[in-house]
Amino acid sequence: MSCWETLADYGLRSLGIGERLLPRSDFTLCQQVVLIGSGMLWNIYFGTLALLSGFVLATGLALAKAAKHPLIRQPALWFIFVFRGSPLFIQFFFAYFLFLSLKQVYPILTPFTSAWAGALVVLFFNTAAYSAEIFYGALQSVPKGDIEAADAYGFSGARRFRRIIWPTMLRLAWPA
Amino acid sequence: MFTYCTDPAALEGLKWLSCYLTTAKHAAFYQSFGTVLLLLAVTAPASLAMGFAGAMAARARFAPLSFLGKGYIAIVRGVPDIAFFLFFVIALDQGIEYLRHITLCPDWDQPIRQGNDFIVCQAAKAPLGNAPQWVHEVYGFGLAVFTFAIVFGAFAANVLFGAMRAVPHNQLETAAAYGMSPRQIFWRILVPQMWVYALPGLSNLWMVLIKATPLLFLLGVEDIVYWARELGGTKTPQFTEYPHGDWRMWYFLFLLVFYLAFTRASEIVLDRIMRRLTRGQATFGGEAQRKAAA
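Residues numbered from 1 in each chain as written. Chains lettered and ligands numbered in written order. Predicted model: local features only at pLDDT ≥ 70, side-chain atom pairs only at ≥ 80, totals over all residues.

*Asks:* Tell me what's going on with the overall build of chain B, and back it up with residues and numbers.
*Replies:* Counting secondary structure elements, chain B contains ten helices and two strands. In sequence order, chain B lays out its α and β elements as α-α-α-α-β-β-α-α-α-α-α-α. The buried share among the 294 residues of chain B stands at 25%. Taking as baseline every contact in chain B between residues at least 6 positions apart, the subset at least 24 positions apart corresponds to 65%. (Helix = DSSP H or I, 4+ residues; strand = E, 2+ residues; numbered from the N terminus. Buried ≥ 20, exposed ≤ 12 C-beta atoms within 10 Å, placed from the backbone. Contact = placed C-beta atoms within 7 Å.)

Right, dumping it as structure tokens:
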């Protein structure tokens, strides 16, 4: 069996496509690499989606944590505390059983009991909480002069945030 | 446990709950919290010691020792925790059994690796097949502690190595000018002062360690995750006097709250230690404390 055949048979095995039955004996190096690489497809899927979506929520959370109004600040504080203060492992278990219980009341939530969606939700929240803390720290260290200069140029509200604060925040948060 | 618990089927509400939560199985569940705390209590000093040794090795002037220390830090930090936990526990277990095998059964003629199986003679099993249950549990727990100590020791070594370099150099030069030997400088000047620089990193590490404890479950120790799954699952009247539906969600909610409370308590304690260590230090925090007192 050539390496190309192995790749065709087992390349997408972790997605349920291709040959199900594993080779029994005499694993070649090629087979090992292909099988492990096939599992890594899931790593890429979870990694990219959770990071991308997590970053968006993290920006919102960081802003909410920096807000003056307690009704906006408190939920963000608690969200970050819950997801940073408990093990991811426990969060996965809890979310899975939560979705299992909710499924009986709201059947629309059924997809969340499968790994590809349920785990993604937890990872998304977890990433968001961790990066929100980093973004919050960066937001606090945006130089005061930048904001005053933006005010002087007549930037205000959302435009000031998008053009001045946000880029600086990302630049400061990048190393972390 | 209570006298009225003899017939659980007749009980209701809080009384039923009080009986349910004090069954023998629940006692084992509560004990497993002790296991987690014990793991932390043993692992934290062990990895701190490993870290201290690693940091000392990494800053040694004798080059091979320095390479050894730096290599240890780099290798463990570069590999994901879970991979290390699974690898070390299996590798240690098989390594111990292999060594016992070649000393205890020299006339064994079959290969040790048969396909996916790792087969050694009966006398070389660690622990022995006929050993009591608690020996197996202690053995598994010991392997877990050792693995945790190796992994977290590397992280601690990195933090301590950085902290040792953060101590102002003038302090060490002054000590040398006073005629202290390198050993005296290290123990009397460097080590007492480095903790304030090490603490932020070490407290971070402690938080990570707390959150790594559920990994015990992956190592096969009967910890809180194991019991929460076991006790929370649906129970039918045939097998238990306390039948109930799928309560795993509530058990895991309880674990979540436990970890949150533990994290919060650690934060408060670490804050206190930090304030104590900052006192009198030539740092920004120490200066702020001095001004506040004056």
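*Asks:* Which residues make up the domain arrangement of chain B, and what values do they have?
*Replies:* Residue and element names in this part refer to chain B. The domain architecture assigned to chain B consists of domain 1 (43-199) and domain 2 (223-288). The partner domain 2 presents seven residues to the four residues of domain 1 that form the contact. Class assignment for the residues of the side of domain 1 that touches domain 2 results in four nonpolar, no polar and no charged. (Domains from an automatic or database assignment. Nonpolar A, V, L, I, M, F, W, Y, C, P; charged D, E, K, R; others polar.)

*Asks:* Explain the interface of chain A and chain B residue by residue, including any values.
*Replies:* How big an interface is tends to be stated in terms of the accessible area lost upon association of its parts. Each partner contributes residues to the interface: chain A has 13 residues there, and chain B has 16 residues. For the side of chain A that touches chain B, the elements supplying multiple residues, two or more each, are helix 3 (70-85) and helix 4 (88-105) of chain A. In the side of chain A that touches chain B, the residues fall into nine nonpolar, four polar and no charged.

*Asks:* Mind laying out the confidence of the model for chain A, listing which residues take part and the relevant values?
*Replies:* Detailed reading of the predicted model is not advised wherever pLDDT is low. Model confidence for chain A is summarised by a mean pLDDT of 80, while 90% of its residues fall at 70 or above. The element-level mean pLDDT for chain A is lowest in helix 1 (residues 3-10) of chain A, coming to 71, with helix 3 of chain A highest at 87. (pLDDT = per-residue confidence, 0-100.)

*Asks:* Hey, could you go over the packing of helix 2 (residues 29-66) of chain A against helix 3 of chain A for me, with residue numbers and the actual values?
*Replies:* All names here are of chain A. Remark: helix 2 packs on helix 3, axes separated minimally by 7 Å, with the N-to-C direction vectors making an angle of 125 degrees. In terms of orientation, helix 2 and helix 3 fall into the oblique class. Classified by chirality, the crossing of helix 3 by helix 2 is left-handed. Only Ile-72, Arg-73, Ala-76, Leu-77, Phe-79 and Ile-80 of helix 3 make contact with helix 2, whose side of the interface consists of Leu-61, Ala-64 and Lys-65. By residue class, the composition of the contact of helix 2 with helix 3 is seven nonpolar, no polar and two charged. (Axes fitted to C-alpha atoms, helices over the stretch in contact; angles between N-to-C directions. Parallel < 35°, antiparallel > 145°, perpendicular 65-115°, else oblique. Left-handed = near helix turned anticlockwise from the far one by under 90°.)

*Asks:* Describe the nonpolar core, with residues and values.
*Replies:* In terms of nonpolar packing, the biggest core is built from 79 residues, with Ala132(A), Phe135(A), Ala156(B), Ala157(B), Leu160(B) and Phe252(B) touching the most fellow members. Considering every element that reaches this core, the biggest residue donor is helix 5 (residues 133-166) of chain B, with 16 residues. When residues of this core are assigned to domains, at least three fall in each of domain 1 (43-199) and domain 2 (223-288) of chain B. Residue contacts for Ala156(B): discarding those within four places in its chain leaves Ser47(B), Leu48(B), Met50(B), Gly51(B), Leu202(B) and Leu205(B). (Core = buried A, V, L, I, M, F, W, Y, C linked by C-beta atoms within 7 Å.)

*Asks:* Let's hear about the environment of Tyr10(A): which residues, and what values?
*Replies:* Residues and elements named next belong to chain A. Mapping Tyr-10 onto the fold places it in helix 1. The buried category is assigned to Tyr-10, around which 21 C-beta atoms lie within 10 Å. Taking the C-alpha atoms as reference points, Tyr-10 and Val-34, 24 residues apart in sequence, are found 6.7 Å from one another.

*Asks:* Please provide a residue-by-residue account of the confidence of the model for chain B, values included.
*Replies:* For chain B, per-residue confidence averages 81 on the pLDDT scale, and residues scoring 70 or more make up 87% of the total. Overall fold confidence for the complex sits at a pTM of 0.77, while the interface term, ipTM, reaches 0.75.

*Asks:* Could you give an account of the packing of helix 5 of chain B against helix 7 (residues 182-212) of chain B, naming the residues involved and the relevant values?
*Replies:* Residue and element names in this part refer to chain B. In contact at an axis separation of 8 Å, helix 5 and helix 7 are set at 145 degrees when each is read in the N-to-C sense. Handedness of the crossing formed by helix 5 with helix 7: right-handed. Taking contact as the criterion, the partners of Phe-152, Phe-155, Ala-156, Val-159, Leu-160, Gly-162, Ala-163, Met-164 and Ala-166 in helix 5 are, on helix 7, Leu-190, Met-194, Tyr-197, Ala-198, Gly-201, Leu-202, Leu-205 and Leu-209. When its residues are assigned to classes, the contact of helix 5 with helix 7 shows 15 nonpolar, two polar and no charged.

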